[in-house]
Amino acid sequence: MADVWHQIPGFLRSPNISGDWRLYEVENRAADPEGTIECAMERIAPWRDKVLIDVGAGTGYHIERFHRDAAHVIAVEPDPTLRIELMQRIATSQLTRTSVIGASAAALPLTDNSVDIAHARFAYFFGPGSEPGIAELERILKPGGTIFIVDNDLRTGTFASWILEAYGRDHHDPNEIEDFWHNHGFTIERLPSRWRFENRDDLERVVHLEFPDEHAARFVAAHEGLEIDYNLLLIHKTLPG
């Protein structure tokens, strides 16, 4: 498998979903229970009857909701293990207007001006160093097309405070990250959101998936209930028409 990964230019293996994709499904079910992200996307650039590309699609958790209205969905996932689960999900749910591509954001095998909407959620090519991926998205988008990137808001909320405590500001500097997007012509919207879990065991396992054990154990012990503040950035850019 490692040799296959190395053959895909620009592929960075994600530490959470690739570590335990089944547990990451639990995390996805808990995330943004009000659908804040999709509501904001619809307001900015609806995808009804459009061609939408989901970059870093993982096991395809978000594909079905896009498929309901889109003319076609292109799911891009470089990790072969995740891509197998993605294809199984598409087959089981009969998402017939969906294509799957094994590629990275830095090298998308699509023609210029072929996609209306691009979506990438926690896809591990964000911020400084992601210039090749941004250039590829801008290349494949049609005039007037929109790029959506969903990332963590590191300024507010419980999850942000945990990120900064566990990993430090040197690697997660919100000023550096947000300046990068602004300098590349993107608009940033802050979306208040949360994780909402069905039970305490799910919450604890997901926190351990996202953080080193010594930090996760302390975070869990100090946090009560089934919800965790998890605020988001919707980073978007619409190309000239």
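Here the structure is a predicted model, which means the values were calculated and not measured.

The subject of this paragraph is the overall build of the chain. Of regular secondary structure, the chain possesses ten helices and nine strands. Dimensions of the chain, computed from C-alpha atoms along their principal axes, come out at roughly 50 × 40 × 35 Å. For the chain, with 241 residues in total, the buried portion stands at 52%. Residue pairs at least 24 apart in sequence account for 76% of intrachain contacts in the chain once pairs closer than 6 positions are excluded. Total accessible area on the chain is roughly 11200 Å²; 49% of this is exposed by carbon and sulfur atoms. Both charge centroids of the chain, one from 23 positive and one from 39 negative side chains, sit 5 Å from each other.

Turning to helix α8 (residues 174–183), a few remarks are in order. For α8, the set of buried residues is P174, I177, E178, F180 and W181. In a view along the axis of α8, the buried residues occupy a sector of 150°, so they form one face of it. Buried residues along α8 sit against α6 (131–140), β5 (141–152), β6 (187–191) and β9 (232–238). Between the side-chain oxygen at the start of α8 and the backbone nitrogen of N175 there is a gap of 2.9 Å, and the oxygen is on D173. One or two positions beyond α8, positive phi appears at G185, with a value near 85°.

Looking at the element boundaries, A103 is found in the loop between β3 (98–101) and β4 (115–121). Residue class for A103 comes out buried when judged on its relative accessible area of 5%. Sequence spacing of A103 and L82 is 21 residues, and the spatial spacing of their C-alpha atoms is 12 Å. Sequence-distant contacts of A103, defined by excluding residues within four places in its chain, comprise I8, V76, E77, P78 and P109.

We now examine the sheet that holds β6. Reading across the sheet, the seven strands line up as β3-β2-β1-β4-β5-β9-β6 and stay open at both edges, with mixed pairing between neighbours. Where the open sheet ends on each side, the last strands, each with one partner, are β3 and β6. Across the sheet, the mean angle separating the axes of adjacent strands is 20° when strand polarity is ignored. Note that β5 and β9 share seven bridges and pair antiparallel. Bridge pairing in β9 places N152 opposite L232. In this fold α6 packs onto β1 (51–55), β4, β5 and β9, with an angle of close to 145° to the strand it touches most, β5. Lying over the sheet, α8 contacts β5, β6 and β9, oriented at roughly 135° with respect to β6.

Turning our attention to the packing of aromatic side chains. Under the criterion given, the structure shown has 13 aromatic pairs. Judged by centre distance (5.1 Å) and plane angle (85°), the rings of W47 and F66 are edge-to-face. Here the residue W47 occupies a position in the loop between α3 (36–44) and β1, and F66 occupies one in helix α4 (residues 63–67), the gap between them amounting to 19 residues. Accessibility expressed as a relative area gives 0% for F66, which makes it buried. Measuring from ring centre to ring centre gives 5.3 Å for F211 and F219, while their planes differ by 85°; the resulting arrangement is edge-to-face. Judged by relative accessible area, which is 4%, F219 ranks as buried.

Turning to the confidence of the model for the chain, a few remarks are in order. The predicted model of the chain averages 93 in pLDDT, with 95% of residues at 70 or higher. Note that residues 1–5 has pLDDT below 50 and, in this model, eight contacts with residues that lie over four places away or in other chains.

Residue placement: P15 occurs in the loop between α1 (2–6) and α2 (21–30). We classify P15 as exposed; its relative accessible area is 58%. Separated by 183 residues in sequence, P15 and E198 place their C-alpha atoms 24 Å apart.

With that settled, the discussion passes to the pairing of β3. Relative to β3, strand β2 (residues 72–76) is paired through four bridges, and the arrangement is parallel. Each residue of the ladder has a partner; that of A75, found in β3, is V100.

Within helix α9 (residues 200–210), the full set of buried residues consists of D202, L203, V206, V207, L209 and E210. Taken around the axis of α9, the buried residues stretch over an arc of 155°, which confines them to a single face. Two or three places before D201, at the start of α9, stands the capping residue N199, its side-chain oxygen 3.2 Å from that residue's backbone nitrogen.

Thresholds, definitions, all that
- Residues numbered from 1 in each chain as written.
- Predicted model: local features only at pLDDT ≥ 70, side-chain atom pairs only at ≥ 80, totals over all residues.
- Heavy atoms only, no water.
- Helix = DSSP H or I, 4+ residues; strand = E, 2+ residues; numbered from the N terminus.
- Buried < 20%, exposed > 50% of the residue type's maximum accessible area, 1.4 Å probe, protein only.
- Contact = heavy atoms within 4.5 Å.
- Areas by Shrake-Rupley, 256 points an atom, 1.4 Å probe, with all protein chains shown as cover.
- Lys, Arg positive; Asp, Glu negative; His and termini not counted.
- Charge placed at Lys NZ, Arg CZ, Asp CG, Glu CD.
- Arc of directions from axis to C-beta.
- Polar contact = N/O pair within 3.5 Å; in protein donor to acceptor, adjacent residues only side chain to side chain.
- Pairing = 2+ DSSP bridges.
- Axes fitted to C-alpha atoms, helices over the stretch in contact; angles between N-to-C directions.
- Phe/Tyr/Trp six-rings, centres within 6.5 Å; stacked < 30°, edge-to-face > 60°.
- pLDDT = per-residue confidence, 0-100.

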